[in-house]
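Per-entry structural report
Residue strings, one per chain:
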Amino acid sequence: MARDARWDALLELVGKHGRVEVEEAAAALAVSAATIRRDLDQLAEQHLLTRTRGGAVAHGVSYELALRYKTGRHAPEKQAIGRAVSGLVAVGEVVGLTGGTTVTEVARALAVRPDIVGETTVAGGQPTLTVVTNALNIASELAIRPQIKMVVTGGVARPQSYELTGPLAVGVMNEITLDVAVLGVNAIDIERGAYVHHEGEASVNRLLAERAQRVVVAADSSKIGKRAFARVCDLGLVDVLVTDSRITAEARDRFGEAGVQVIAV
C-alpha cells in the first residue's frame, strides 16, 4: 500500500474511532508496526493527529481531515453534485463559494461550462461569471479563466481547508452582495441546520449566505443527519440542498416540509 493511501486510511480510523493503535492498524493495513509508527509520527508532525504511547488520537476537540486527504472520499457523488449545482447558476451572476471538496467540484464544473467559458463578457461588458470565495484552492483554479471575474476575500488561511477566515474576510463580505451562495458543510441536520467543524469558517459561510438572494447547500448524503462543532445557519436560510441519491425518502420529505428543495443526483 502506498504511503498516501496508508495515511488516508489511518486518518479515517482516527476520525471514526477517535484513536488508533499501532498493532491494530498494522494488521488492518497489512504492513509492519514500524511502518505504522513512522506514519503516525509524520502525521503528528503535520498536526493531523496526536501521538500517544502505542498509537495516536484525534488532534483537537473538533476533528477533521485536511482537505488534501478528503478529496477521494465519495468522489463520484461529489462530482455529480458539482455538476448539478453548476446548473443552478446563471450566466452573468455573482456566486459565492465556500471551501471544501464538494464546492471545489462545483467550481470545476462552472469552469468548463460552455456558456461561461465560451464568451468573454455578457451584455454591458460584464464578465460571464463573478466568483467570490474565501477558498485559496478554488481561487487558484478559477483565476486562470479570463471569462470569470475572481474575487478573493482577505483573511488568515487554515491549512486543513485552505479557507480564509477572520476579520479581514468578514470585512470584505460586508461590502458585497451575491446572487447565489454555495455552501459546503460538514453536517446538515433537519432540526438544527448546517454545520462545519471550525467556528471561523462558520462565521464567513454564514455571511456568504446572508449576502445572497439564494442559498444552495452542496453536501453528499453522508453529511445528512450529522452534527459538527459550529453552526453556519438554520434551514430557514437554505433554499436548495443538492445531494446524492442515497438520501433517504424520509429525510427528503422532512427537508421539503422545512421549505428546502432537495435535488438528488
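Calculation rules
Residues numbered from 1 in each chain as written. Predicted model: local features only at pLDDT ≥ 70, side-chain atom pairs only at ≥ 80, totals over all residues. Heavy atoms only, no water. Pairing = 2+ DSSP bridges. Helix = DSSP H or I, 4+ residues; strand = E, 2+ residues; numbered from the N terminus. Buried < 20%, exposed > 50% of the residue type's maximum accessible area, 1.4 Å probe, protein only. Axes fitted to C-alpha atoms, helices over the stretch in contact; angles between N-to-C directions. Contact = heavy atoms within 4.5 Å. Domains from an automatic or database assignment. Core = buried A, V, L, I, M, F, W, Y, C linked by side-chain atoms within 4.5 Å. Parallel < 35°, antiparallel > 145°, perpendicular 65-115°, else oblique. Left-handed = near helix turned anticlockwise from the far one by under 90°. Nonpolar A, V, L, I, M, F, W, Y, C, P; charged D, E, K, R; others polar. Salt bridge = Lys/Arg side-chain N within 4 Å of Asp/Glu carboxyl O.

1. Focus: the pairing of strand β11 (residues 193-196)
- As paired elements, strand β10 (residues 187-189) and β11 share 3 bridges and run antiparallel to each other. Pairing of Ala187 across the sheet is with Tyr195, part of β11.
- A loop of 3 residues connects β10 with β11, the two strands running antiparallel in sequence.
- As paired elements, β11 and strand β13 (residues 230-233) share 3 bridges and run antiparallel to each other. Along β13, the bridge assignment pairs Val196 with Ala230.

2. Description of unusual backbone geometry
- Here Ala30, not a glycine, exhibits a phi torsion of approximately 60°, which is positive.
- Within the secondary structure, Ala30 sits in the loop between α2 (22-29) and α3 (33-45).
- A positive phi angle, near 65°, is found at Tyr162, a position not held by glycine.
- Note that Tyr162 resides in the loop between β7 (156-157) and β8 (164-165).
- In this structure Tyr162 comes out as partly exposed when scored by relative accessible area, which is 28%.

3. What about the sheet that holds β11?
- Spatially, 3 strands are ordered β10-β11-β13 in an open sheet, and the strand pairing comes out antiparallel. The open sheet has two edge strands, β10 and β13, and neither has a second partner. Between one strand axis and the next, the sheet turns through 35° on average, direction left out of account.
- Contacts from helix α9 (residues 199-210) reach β11 and β13, with the element oriented near 5° to β13.

4. Considerations on the domain arrangement of the protein
- Domains assigned within the protein are domain 1 (1-68) and domain 2 (73-262).
- Here the C-alpha centroids of domain 1 and domain 2 sit 30 Å apart.

5. Concerning the sheet that holds strand β4 (residues 94-97)
- Ordered by their spatial adjacency, 7 strands build an open sheet running β6-β5-β4-β9-β12-β14-β15, and the pairing between neighbours is parallel. Of all the strands in the sheet, just β6 (148-152) and β15 (261-264) have a single pairing partner and so form its edges. Looking at each pair of strands side by side, their axes are set apart by 20° on average, direction ignored.
- Looking at chain direction, strand β5 (residues 129-133) and β6 are connected through 5 bridges and run parallel. Paired with Thr130 across the bridge in β6 is Lys149.
- Each of β4, β5, β6, β9 (178-184) and β12 (212-218) touches helix α5 (residues 101-111); the most contacted strand, β9, lies at about 135° to it.

6. Considering the environment of Glu105
- Within the fold, Glu105 resides in helix α5.
- When the C-alpha positions of Glu105 and Gly82 are compared, they lie 4.7 Å apart, and in sequence the two are 23 residues distant.

7. A short note on the nonpolar core
- Leu183, Ile188, Val217, Leu241 and Phe255 are the most contacted members of the largest nonpolar core, which has 31 residues in total.
- For this core, the secondary-structure elements that each account for two or more residues are β9, β11, α9, β12, β13 and α10 (249-257).
- Those residues within four positions of Leu241 in sequence are excluded, and the remaining contacts are Ile188, Val217, Ala219, Ile224, Phe255, Val260, Gln261, Val262 and Ile263.
- Core analysis: the next-biggest nonpolar cluster, separate from the first, contains 23 residues, Leu97, Ala135, Ile138 and Leu142 among them.

8. Quick look at the packing of α2 against α3
- Two elements in contact, α2 and α3, have axes whose closest approach is 8 Å; the angle formed by their N-to-C orientations is 110°. One finds that α2 runs roughly perpendicular with respect to α3. Taken as a pair, α2 and α3 cross one another with a handedness that is right-handed. On α3, the residues touching Val22, Glu23, Ala25, Ala26 and Leu29 of α2 are Ala33, Ile36, Arg37 and Leu40.
- Per-class residue counts for the contact of α2 with α3 are 7 nonpolar, no polar and 2 charged.

9. Some remarks on the pattern of salt bridges
- Inspection of the entire model under this criterion finds 13 salt bridges.
- Put simply, Asp39 and Arg6 hold a salt bridge, and the shortest N to O gap is 2.6 Å. A residue pair is termed long-range when its members are at least 10 positions apart, and Asp39 in helix α3 and Arg6 in helix α1 (residues 3-17) qualify at 33 residues. This pair shows no difference in class: Asp39 is buried, exactly as Arg6 is.
- Two residues, Asp41 and Arg51, come together in a salt bridge whose shortest N-O distance is 2.7 Å. One end of the pair, Asp41, is in helix α3; the other, Arg51, is in strand β2 (residues 49-52), and 10 residues separate them in sequence.
- Relative accessible area serves as the criterion here: at 36%, Asp41 is assigned to the partly exposed category.
- Here the residues in one salt-bridge network are Glu105, Arg108 and Glu141, joined through shared partners.

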